[in-house]
Amino acid sequence: MKKVLSIIVLLFVVGFAAGQILSDDKIWVTFADTATLLSSDKATTNTSINDILNEYDVTSIAPLFPFAKTPFLRHTYEVTTQKAESLYVRMSREKGLFSLCERVYEPQHLYNPSDWMWYYTVSNNFTDEWLWYLVKIQAADAWDITKGDPTIKIAVVDDGFDYQHPELQSKIDPPYDF
């Protein structure tokens, strides 16, 4: 029974991993020594780590969870470099310096709403224009988690609305003519 369950889990993991796309330039890393803090944008208090970061032309290093309660998460960083694959191999070998080193997978959205405004915003990769906030909060990721709950009521009232609109007639609670 254990063998059958192990094989099923293995097939699931392999099938899941096969559909993933690795980021070309990002790695997540946790320092083994939690006292190793970043002293500037791309430097730590450990010269061995600084040498590795310089050798692989690291362009940025930023904390993933700067407000986490556990030291492990607070010392987990996203490292950006054009040599991500070779840096990953190097960091994986340096067990004394790094307790965790993982490649980053790009999100693969399974669902997008059939909304022309959403498509226009996402396809043109707006970050500072129309509907920029949807890109900023990574709203596309939410569609893979949930598509809504009809029991949750939300109201945003600016100047009023068309209470006779077919989509809103049965959803206005309580009915009110603004």
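Here the structure is a predicted model, which is why all the values come from computation and not from measurement.

A. Layout of the overall build of the chain. When helices and strands are tallied, the chain shows seven helices and four strands. Its helices and strands in sequence order give the chain the pattern α-β-α-β-α-β-α-β-α-α-α, from N to C terminus. In the chain, which comprises 178 residues, the proportion classed as buried is 22%. Taking the intrachain contacts of the chain between residues at least 6 apart in sequence as the baseline, contacts between residues at least 24 apart amount to 57%. Total accessible area computed for the chain in this model is approximately 13500 Å², and 59% of it derives from carbon and sulfur atoms.

B. Representation of the packing of aromatic side chains in the model. Evaluation of the coordinates by the stated rule reveals two aromatic pairs. Consider the rings of phenylalanine 31 and tyrosine 77, whose centres lie 5.2 Å apart with planes at 45°: the pair is tilted. A residue pair is termed long-range when its members are at least 10 positions apart, and phenylalanine 31 in strand E1 (residues 21-31) and tyrosine 77 in strand E3 (residues 76-80) qualify at 46 residues. For the pair formed by phenylalanine 31 and tyrosine 77, the shared burial category is buried.

C. Main features of the environment of proline 66. Positionally, proline 66 belongs in the loop between strand E2 (60-63) and helix H3 (71-74). As for proline 66 and threonine 76, which are separated by 10 residues in sequence, their C-alpha atoms are 8.5 Å apart.

D. A look at unusual backbone geometry. With a phi close to 50°, aspartate 57 is a non-glycine residue in the positive phi region. Its relative accessible area of 44% is what places aspartate 57 among the partly exposed residues.

E. The pattern of salt bridges, seen in detail. A complete count under the given rule lists five salt bridges for this structure. Between aspartate 57 and lysine 83 there is a salt bridge, with its nearest N and O atoms 2.9 Å apart. Taken as a pair, aspartate 57 in the loop between helix H2 (47-55) and E2 and lysine 83 in the loop between E3 and helix H4 (84-93) lie far apart in primary sequence, 26 residues in all. Residue classification places lysine 83 among the partly exposed residues on the basis of a relative accessible area of 36%. Here arginine 90 and glutamate 94 are joined by a salt bridge, their closest N and O atoms 3.3 Å apart. Given the relative accessible area of 26%, glutamate 94 is considered partly exposed. In the salt-bridge network here, residues are joined through shared partners; they are Glu55, Arg90 and Glu94.

F. Layout of the sheet that holds strand E4 (residues 98-106). Taken in spatial order, the four strands make up an open sheet running E2-E3-E1-E4, and their pairing is antiparallel. Since the sheet does not close on itself, it has two edges, and those belong to E2 and E4, each with one partner. Strand-to-strand twist of the sheet, defined as the mean angle between neighbouring strand axes without regard to direction, takes the value 30°. Note that E1 and E4 share seven bridges and pair antiparallel. Residue pairing in the sheet places isoleucine 21 in a bridge with glutamate 106 of E4. Sheet strands touched by H4: E1, E3 and E4. Its angle to E4, the strand with the most contacts, is close to 155°.

G. Up close: the environment of phenylalanine 98. Following the sequence through the fold, phenylalanine 98 ends up in strand E4. By relative accessible area, which is 3% here, phenylalanine 98 ends up buried. Spatially, the C-alpha atom of phenylalanine 98 lies 6.8 Å from that of valine 29, the residues being 69 residues apart in sequence. Those residues in contact with phenylalanine 98 that sit more than four places away from it in its chain are Val29, Thr30, Phe31, Ala32, Ile49, Ile52 and Met91.

H. Fine view of H2. Those residues of H2 that fall on the buried side of the exposure criterion are Ile49, Asn50, Ile52 and Leu53. The arc that holds every buried residue of H2, seen down its axis, measures 160°, which confines them to one face. Looking at H2, the residues exposed on the side facing more than 90 degrees away from the buried face are Thr47, Asp51 and Asn54. Those residues of H2 that are buried lie in contact with E1, E2, H4 and E4. The N-capping residue of H2, defined by a side-chain oxygen 2.8 Å from the backbone nitrogen of serine 48, is asparagine 46. Phi turns positive, to about 50°, at aspartate 57, one or two residues after H2.

Thresholds, definitions, all that
- Residues numbered from 1 in each chain as written.
- Predicted model: local features only at pLDDT ≥ 70, side-chain atom pairs only at ≥ 80, totals over all residues.
- Heavy atoms only, no water.
- Helix = DSSP H or I, 4+ residues; strand = E, 2+ residues; numbered from the N terminus.
- Buried < 20%, exposed > 50% of the residue type's maximum accessible area, 1.4 Å probe, protein only.
- Contact = heavy atoms within 4.5 Å.
- Areas by Shrake-Rupley, 256 points an atom, 1.4 Å probe, with all protein chains shown as cover.
- Phe/Tyr/Trp six-rings, centres within 6.5 Å; stacked < 30°, edge-to-face > 60°.
- Salt bridge = Lys/Arg side-chain N within 4 Å of Asp/Glu carboxyl O.
- Pairing = 2+ DSSP bridges.
- Axes fitted to C-alpha atoms, helices over the stretch in contact; angles between N-to-C directions.
- Arc of directions from axis to C-beta.
- Polar contact = N/O pair within 3.5 Å; in protein donor to acceptor, adjacent residues only side chain to side chain.

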